[in-house]
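Spelled out from the first residue to the last, the chains are:
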Amino acid sequence: ASAGGELFGTHALLDEARQRFELEHQPAVVRRASEYLCRITGGRYVRLVRQLDRDVLLAETDAGELKERPAWNRGLLEQIYLCLRLGFIEDYSSNAEPLPVIMDDVFANFDPNHARRAAETLTAFAREHQVLYLTCHPETVQFLRNADSTAACYQLDQYRIEPLRASLEAGATS
């Protein structure tokens, strides 16, 4: 075998070892965020990968394709951001007193299927964490209520916080 062939073989082995290490040793936040992303995207994206040799975060599709940030649309970018936030909050809370989580219309750029799955994910997350979700969209309230019918919903009316009226929850206007 030539020296060039041996060098290429060594390079390929090192690259394979690096990839295996990246797979097995992702930070806990990224691993947990990957689980959330898989749920929210319905399995279209299966995990997030932080490469060691470059300071980039990649999203892996169900076909094994790794996509960098420029290939993400706004909805996917915001889904990844939400998943990383949830992963970070879980990681932080495992070593400290959990803090309330406040979100303001983070589903705004999600299509209805992603918003529904995100609402299901968030209501499951809320079983362990206090979550305050602010929205002006009746359909978002409905997604959250469908995911957890016991969720407390309130409205701000004339500077007063009141339980959400059923007519507003159903999307009717007053």
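Since the structure is predicted, the reported quantities are computational estimates derived from the model, not experimental observations.

A separate point is the sheet that holds strand β3 (residues 66-67). Sheet strands pair via backbone hydrogen bonds, and the direction of the pair is either parallel or antiparallel. On the basis of which strands lie adjacent, the open sheet formed by 3 strands has the order β1-β2-β3 and antiparallel pairing. Each edge of the sheet is formed by a strand with only one pairing partner; in this case those strands are β1 (45-50) and β3. The pairing of strand β2 (residues 57-61) with β3 spans 2 bridges and is classified as antiparallel. Bridge pairing links A59 to K67 in β3.

The alternating pattern of strand β4 (residues 101-104) places V101 and M103 on a buried face, while none of I102 and D104, on the opposite face, is buried. What joins β4 to strand β5 (residues 131-134) is helix α4 (residues 112-125), and the crossover it makes is right-handed.

Look at α4: 20 Å from first C-alpha to last across 14 residues, which is about the 20 Å you get at 1.5 Å a residue. Within α4 the residues assigned to the buried category are H114, A115, R117, A118, A119, T121, L122, T123 and F125. The secondary structure elements touched by the buried residues of α4 are α2 (28-40), α3 (74-93), β4, β5 and α5 (138-147). The N-cap of α4, judged by a side-chain oxygen 3.0 Å from the amide nitrogen of N113 a few residues on, is D111.

Residue-level pLDDT values for the chain average 86, and 82% of them are 70 or greater. Element-level pLDDT for the chain is lowest in helix α6 (residues 166-169), with a mean of 51, against a maximum mean of 97 in α4.

The next thing to look at is the environment of R39. By the secondary structure assignment, R39 is in helix α2. Excluding anything up to four places from it in sequence, R39 contacts R32, R117 and T121.

Rules used throughout
- Counting restarts for each chain, with residues numbered from 1 along the sequence as it is written.
- Per-residue local features are limited, in this predicted model, to residues with pLDDT of at least 70; the limit for side-chain atom pairs, both in listing and counting, is 80 or more; totals at the level of whole chains, interfaces and linings are taken over all residues.
- Just so you know, side-chain values use all the structure's heavy atoms and leave hydrogens and water out.
- When DSSP finds at least two bridges between two strands, those strands are taken to pair.
- To qualify as a helix, a DSSP run of H or I must reach at least 4 residues; to qualify as a strand, a run of E must reach at least 2; elements of each kind are numbered from the N terminus.
- Summary of the burial criterion: residues with accessible area below 20% of their type's maximum are buried, those above 50% are exposed, and those between are partly exposed, where the area comes from a 1.4 Å probe applied to protein chains only.
- Think of it like this: strands point away, you trace from the first strand over the helix to the second, and a clockwise trace means the crossover is right-handed.
- Working rule for helices: expected span equals 1.5 Å times residues minus one.
- Any two residues having at least one pair of non-hydrogen atoms within 4.5 Å are treated as being in contact.
- Pairs of N or O atoms are called polar contacts if they sit within 3.5 Å, as long as, within protein, a hydrogen donor faces a hydrogen acceptor (for residues adjacent in sequence, only side-chain-to-side-chain pairs).
- Each residue carries a pLDDT value, the predictor's own confidence for that position, ranging from 0 to 100.

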